[in-house]
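One-letter residues, chain by chain:
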Amino acid sequence: MKERRIDAIKKFKFGEQLYQQRARNALPILVRQAMANEKIYYGTLSKELDMPNPRNLNDVLDCIGNAISELNEALPKEEKIPLINGIVVNQQTGLPGDSVHFIRQKLDPRQKEAIVNQELKDVFSYGKWSFVLNELGLKMPEKLGSQFIESTTHQGKGGESKEHKQLKVYIADHPEIVGLKKSLGPGETEVELPSGDTPDVLFQNSKCRIAVEVKSHISNEADLQRGIFQCVKYRAILKACRSVEIENYEVNSLLAIEGQLTKDLIRIKNTLGVKVVENIQVK
């Protein structure tokens, strides 16, 4: 066992197989997510790593988990590193795969959820990820350059384009286009929230409130980034509304775009836990 774990760190740091290279690329991304208190979906992580098949992440995450397990052998119990590979979850269940170290035994869904929630709490509260990355020969995740952030704050505001209005109305009439139930339609456009903000489309019933920010193909990178941050704001406002109303409905937000995100924007939306639906076509 000890020899296997020693091999695990060596393989992680110096291995040339594709899954080992991907593990070295993936760990800083997971650290970024942990520091943002955000899980990440298998499909989302695979896209950021330019992996065509999310199922191949199992070997990648296993490589990370084994390396951390070996690091833990040299640490006292109170300083153990939480298994960060557990923050990669299935989009349907919200839980990591059964290959993750801390849930390799057979458990019913409730037991698994309780264990995962505790592990996630430990991952999000851990404060020594720079130490972990350094021990494994890696650097902390790259910060977003201030110049790019500033580029989104100096844009002038104009009137609504016909492209934006057309896309907004189309999505309001077709919630299934953005992955929502058809029965939620038609959504309402330009509904003013108590904060004064007006999401492009709001879908709501007794069970949910979902705000959709819409960007047409004429939106540039700065405008798309603005849309991602707007979704964070809508989500927080809707949660506040739910608290004031003392209700229990689901709240969420998403960005719907005609184009595709750049790699920089993929990193931002993953960090902030914002769902983005790309390549929407008005028919």
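The structure presented is a predicted model; accordingly, all values stated were derived computationally and were not measured.

Undergrad: Any chance you could explain the sheet that holds strand β4 (residues 201–205) here in plain terms?
TA: Remark on secondary structure: sheet strands pair via backbone hydrogen bonds, oriented parallel or antiparallel. Ordered in space as β3-β4-β5-β6-β7, the five strands form an open sheet in which the pairing is mixed. Across the chains shown, the open sheet's two edge strands, defined by having one partner strand only, are β3 (188–189) and β7 (275–277). Here helix α8 (residues 162–173) sits on the sheet and contacts β3, β4, β5 (208–215) and β6 (250–257); the angle it forms with β5, its principal contact strand, is near 155°. Contacts from helix α9 (residues 221–245) reach β5 and β6 within the one sheet, and its direction differs from that of β6 by about 165°.

Undergrad: Please clarify how the pairing of β5 should be interpreted in this entry.
TA: In summary, the side chains of a regular strand alternate between the two faces of the sheet. Of all eight residues making up β5, eight are buried, and the element is well covered by its neighbours. Every second residue of β5 is oriented toward a common face, with C208, I210, V212 and V214 on one face and R209, A211, E213 and K215 on the other, all of them buried. In textbook terms, the turn of a hairpin is the stretch between consecutive antiparallel strands, and for β4 and β5 this stretch comprises two residues. Read from β5 through α9 to β6, the crossover connection turns out right-handed.

Undergrad: Sorry if this is basic, but what is going on with the pattern of salt bridges here?
TA: Close approach of charged atoms allows side chains of opposite charge to pair. Tallying each qualifying case throughout the model produces 10 salt bridges. Across the pair E190 and K168 runs a salt bridge, and its minimum N-O distance is 3.1 Å. In this pair, E190 sits in the loop between β3 and β4 while K168 sits in helix α8, placing the two residues 22 residues apart along the sequence. The closest approach of N and O atoms between D223 and K215, which form a salt bridge, is 2.9 Å. The residues D223 and K215 share a single accessibility class, namely buried.

Undergrad: Would you mind going over helix α10 (residues 263–272) with me for this structure?
TA: Helical periodicity: at 3.6 residues per turn, an α-helix aligns residues three or four positions apart in one direction. Most of α10 is tucked away: seven of the 10 residues are buried. What α10 keeps buried is the set L265, I266, R267, I268, K269, N270 and T271. Positioned one or two residues after α10, G273 has a phi angle of 70°, which is positive.

Undergrad: Which parts of the structure should I look at to understand the packing of helix α2 (residues 18–35) against helix α4 (residues 57–73)?
TA: Relative orientation and spacing of two packed helices are given, respectively, by the angle between their axes and the distance between those axes. Packing of α2 against α4 brings their axes to within 8 Å, and their N-to-C directions diverge by 70°. With respect to α4, the element α2 is oriented roughly perpendicular. Every residue of α4 that contacts α2 at Y19, Q20, R22, A23, A26, L27 and L30 is listed here: D59, V60, L61, C63 and I64.

Undergrad: Honestly, the packing of α9 against α10 in this entry has me stumped. Any pointers?
TA: At a minimum axis separation of 10 Å, α9 and α10 run at an interaxial angle of 5°. The orientation of α9 with respect to α10, classified from their angle, is roughly parallel. Where α9 approaches α10, its residues E221, L224, Q225, I228, F229, V232 and R235 are matched on the opposing element by D264, L265, I268, K269 and L272. Looking at the contact of α9 with α10, its residues break down into seven nonpolar, one polar and four charged.

Undergrad: Would you explain α2 in this entry?
TA: The first and last C-alpha atoms of α2 sit 26 Å apart over 18 residues, in line with the 26 Å expected at 1.5 Å per residue. Along α2, the largest kink reaches about 25° and is centred on N25; proline P28 follows within four residues of it. Extensive coverage of α2 is indicated by the burial of 13 of its 18 residues. Just downstream of α2, N37 is the residue with a positive phi angle, here 60°.

Undergrad: Explain the packing of aromatic side chains to me, please; I cannot follow it from the model alone.
TA: Each pair of aromatic rings is reported with the distance of its centres and the angle of its planes. Enumeration over the complete set of coordinates arrives at one aromatic pair. Relative to W129, the ring of Y126 has its centre 4.7 Å away and its plane inclined at 70°; by these criteria the two rings are edge-to-face. In this structure, Y126 and W129 share a single accessibility class: buried. For R209, the ring lying beneath its charged end belongs to Y249, and the centroid distance is 4.2 Å.

Undergrad: What exactly am I supposed to notice about the side chain of R24 here?
TA: Tracing the backbone through its elements, the reader meets R24 in helix α2. Here R24 occupies a buried position and makes no salt bridge, while the nearest side chain of opposite charge, E16, is found at 7.5 Å. Of note is the side chain of R24, whose polar atom sits 2.7 Å from the backbone oxygen of F12.

Undergrad: I tried to follow the nonpolar core on my own but got confused; where do I start?
TA: One broad rule of soluble globular proteins: the nonpolar side chains tend to lie buried together. Ranked by internal contacts, the top residues of the largest apolar core, which has 38 residues, are F12, L27, L30, L45, I64, I84 and W129. Counting residues per element, the ones that place at least two in this core are α1 (2–14), α2, α3 (42–48), α4, α5 (109–125) and α6 (129–135). Per element, the largest residue contribution to this core is eight residues, and it comes from α4. Beyond its immediate sequence surroundings of up to four residues, I64 is in contact with F12, A23, A26, L27, L30 and I84. Core analysis: the second largest hydrophobic core is formed by 16 residues, I171, I210, V214 and A256 among them.

Undergrad: Would you mind showing me how to read the side chain of N72 here?
TA: Position of N72 among the secondary structure elements: in helix α4. Once residues lying within four places of it in the same chain are set aside, the contact partners of N72 are K80 and I81.

Definitions and cut-offs
Residues numbered from 1 in each chain as written. Predicted model: local features only at pLDDT ≥ 70, side-chain atom pairs only at ≥ 80, totals over all residues. Heavy atoms only, no water. Pairing = 2+ DSSP bridges. Helix = DSSP H or I, 4+ residues; strand = E, 2+ residues; numbered from the N terminus. Contact = heavy atoms within 4.5 Å. Axes fitted to C-alpha atoms, helices over the stretch in contact; angles between N-to-C directions. Buried < 20%, exposed > 50% of the residue type's maximum accessible area, 1.4 Å probe, protein only. Right-handed = clockwise from strand over helix to strand, strands pointing away. Salt bridge = Lys/Arg side-chain N within 4 Å of Asp/Glu carboxyl O. Parallel < 35°, antiparallel > 145°, perpendicular 65-115°, else oblique. Nonpolar A, V, L, I, M, F, W, Y, C, P; charged D, E, K, R; others polar. Expected span 1.5 Å × (residues − 1). Bend = angle between axes of the 7 residues up to and from the residue. Phe/Tyr/Trp six-rings, centres within 6.5 Å; stacked < 30°, edge-to-face > 60°. Lys NZ or Arg CZ within 6 Å of the ring centre and 35° of its normal. Lys, Arg positive; Asp, Glu negative; His and termini not counted. Polar contact = N/O pair within 3.5 Å; in protein donor to acceptor, adjacent residues only side chain to side chain. Core = buried A, V, L, I, M, F, W, Y, C linked by side-chain atoms within 4.5 Å.

Everything listed here is a matter of coordinates, which is why it stays silent on function.
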